[in-house]
Amino acid sequence: APLWECLLQAQGLFFEPWPFFPLARMLAAGPLPLGSSLAAVFGYIYIQDRSSMLPPLALAPENGAAALDMCASPGSKTGLLAQLVGAQGFVLANEPSANRLATLRRNLQSLNLFNCATTSYPGEKLPLPSAPDSLFPSLADGEEKAGWDRILLDPPCSGWGTAEKHPQVLRLWRGDKVKPLIGLQRRLLAEAARLLRPGGRLVYSTCTTNTEENEAQLHFAREELGLDVLPLGPLAGFSFADADLPGFAGVWR
């Protein structure tokens, strides 16, 4: 058994596997908080909701790939991306907020993820070169390719999907208060489109449930940014609701 599993079992912590990802486990029994376990202290495990694992799994970067996480803190999705790309891959994790950047760096360090780098820029204004497209000449042999093949955009949102844990979000984000978030999300999507290489993959995800921040943003990405919206397939261990707008079958809602 792997070391992390031996450490957990030695402390009386036992788990059940989840079918959607080989490294995912659900705590079945234990005499102490999981965060206090030796495996957690040494960075062998990370505690997160199942749903927060979905965006990196949908992005599915190959081993050895480079991925951009545009709004990264606290780092649960970044950490899973780093696991997926492996030691020969690379994840650039951007977080605009200085306070949240410290949390991101602390989590990545505790997980011993040395294939990550962090930056702190507004996500809608990243100082990165545009990906080449038909308007750009081909790069010369040996010249570094601009742009990214794998981009994760998990933008600031109203968080309605977390209301069971944080009931105040339903009071904080009512009516017109959501409009600035919608505008920011669109600017972030436009920036992601600028950086995405032809044939690359962008995953847009939120932890909210309203249509304006989800399917309506996919409509914007398709109609205004020229991106193709590709359906996702089923995933073992999950059930998904239908999309709120026609023409977007295959979203994970």
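Residues numbered from 1 in each chain as written. Predicted model: local features only at pLDDT ≥ 70, side-chain atom pairs only at ≥ 80, totals over all residues. Heavy atoms only, no water.

(A) Here's a closer look at the overall build of the protein chain. Helix and strand counts for the protein chain stand at 8 helices and 7 strands. Look at the contacts in the protein chain between residues 6 or more apart in sequence, and 68% of them connect residues 24 or more apart. On the protein chain, roughly 13900 Å² of surface is accessible, and the fraction owed to carbon and sulfur atoms is 56%. (Helix = DSSP H or I, 4+ residues; strand = E, 2+ residues; numbered from the N terminus. Contact = heavy atoms within 4.5 Å. Areas by Shrake-Rupley, 256 points an atom, 1.4 Å probe, with all protein chains shown as cover.)

(B) Up close: the side chain of Asn-94. Turning to its location among the elements, Asn-94 is positioned in strand 4 (residues 90–94). Every residue in contact with Asn-94, bar those within four places of it in the chain, is listed here: Asp-69, Met-70, Cys-71, Ala-72, Thr-119, Ser-120, Tyr-121, Pro-122, Gly-123 and Leu-126.

(C) Inspection of the state of the cysteines at higher detail. Applying the stated rule across the entire model yields 0 disulfides. Distance from the sulfur of Cys-207, which forms no disulfide, to the nearest cysteine sulfur (Cys-157) is 3.5 Å. (Disulfide = S-S within 2.5 Å.)

(D) Spotlight on the packing of aromatic side chains. In the structure shown here, the tally under the stated rule is 4 aromatic pairs. Ring geometry for Trp-18 versus Phe-20: centroids 6.5 Å apart, planes at 40°, classification tilted. Each ring, one from Phe-240 and one from Trp-252, has its centre 5.4 Å from the other, and the planes form 10°; the classification is stacked. Taken together, the residues Phe-240 in the segment after helix 8 (215–223) and Trp-252 in the segment after helix 8 connect sequence positions 12 residues apart. By relative accessible area, Trp-252 is classed as partly exposed at 22%. Residue placement shows Arg-50 over the ring face of Trp-18; its charged tip is 4.3 Å from the ring centre. Taking the ring centre of Phe-238 as reference, the NZ or CZ of Arg-50 above it sits at 4.4 Å. (Phe/Tyr/Trp six-rings, centres within 6.5 Å; stacked < 30°, edge-to-face > 60°. Buried < 20%, exposed > 50% of the residue type's maximum accessible area, 1.4 Å probe, protein only. Lys NZ or Arg CZ within 6 Å of the ring centre and 35° of its normal.)

(E) Inspection of the sheet that holds strand 3 (residues 66–69) at higher detail. Strand order in the open sheet made by the 5 strands is 5-4-3-6-7, with parallel pairing throughout. Of all the strands in the sheet, the pair left with one neighbour each is strand 5 (116–119) and strand 7 (196–204). Averaged over all adjacent pairs, the angle separating strand axes in this sheet is 20°, with direction ignored. One ladder, built from 5 bridges, connects strand 6 (residues 148–153) with strand 7; its direction is parallel. Counted as the bridge partner of Arg-150 is Arg-201 from strand 7. Running at roughly 165° to strand 4, helix 4 (residues 76–85) makes contact with strand 3, strand 4, strand 5 and strand 6 of the sheet. (Pairing = 2+ DSSP bridges. Axes fitted to C-alpha atoms, helices over the stretch in contact; angles between N-to-C directions.)

(F) Fine view of the pattern of salt bridges. A full pass over the atoms with the stated rule returns 9 salt bridges. A salt bridge links Arg-150 to Glu-62; the nearest nitrogen and oxygen atoms lie 2.8 Å apart. Within this pair, whereas Arg-150 is found in strand 6, its partner Glu-62 is found in the loop between helix 3 (54–59) and strand 3, the two being separated by 88 residues in sequence. Of the charged contacts in the structure, one is a salt bridge between Arg-253 and Asp-244, with a shortest N-O distance of 3.6 Å. Counted as one network, the salt bridges with shared partners bring together Glu-215, Asp-244 and Arg-253. (Salt bridge = Lys/Arg side-chain N within 4 Å of Asp/Glu carboxyl O.)

(G) Structural context of the nonpolar core. Counting 22 residues, the largest nonpolar core has Leu-68, Met-70, Ile-151, Leu-153 and Leu-202 as the members making the most contacts within it. Those elements giving two or more residues to this core turn out to be strand 6, helix 7 (179–195), strand 7 and helix 8. For this core, the leading source of residues is helix 7, giving 5 residues. (Core = buried A, V, L, I, M, F, W, Y, C linked by side-chain atoms within 4.5 Å.)

(H) Examining the environment of Ala-192 more closely. In this fold, Ala-192 is placed in helix 7. Taking C-alpha positions, Ala-192 is 8.2 Å from Met-70, a pair spaced 122 residues apart along the chain. If sequence neighbours within four positions are ignored, Ala-192 has contacts with Met-70, Ile-151 and Leu-202.

(I) Just helix 4, in detail. The buried count for helix 4 comes to 9 of 10 residues, which makes it a mostly enclosed element. Within the span of helix 4, buried status applies to Ser-76, Lys-77, Thr-78, Gly-79, Leu-80, Leu-81, Ala-82, Leu-84 and Val-85. Against helix 3, strand 3, strand 4, helix 5 (98–110), strand 5 and strand 6 lie the buried residues of helix 4. Where helix 4 ends, the next residue or the one after it, Gly-86, has phi of about 80°, a positive value.

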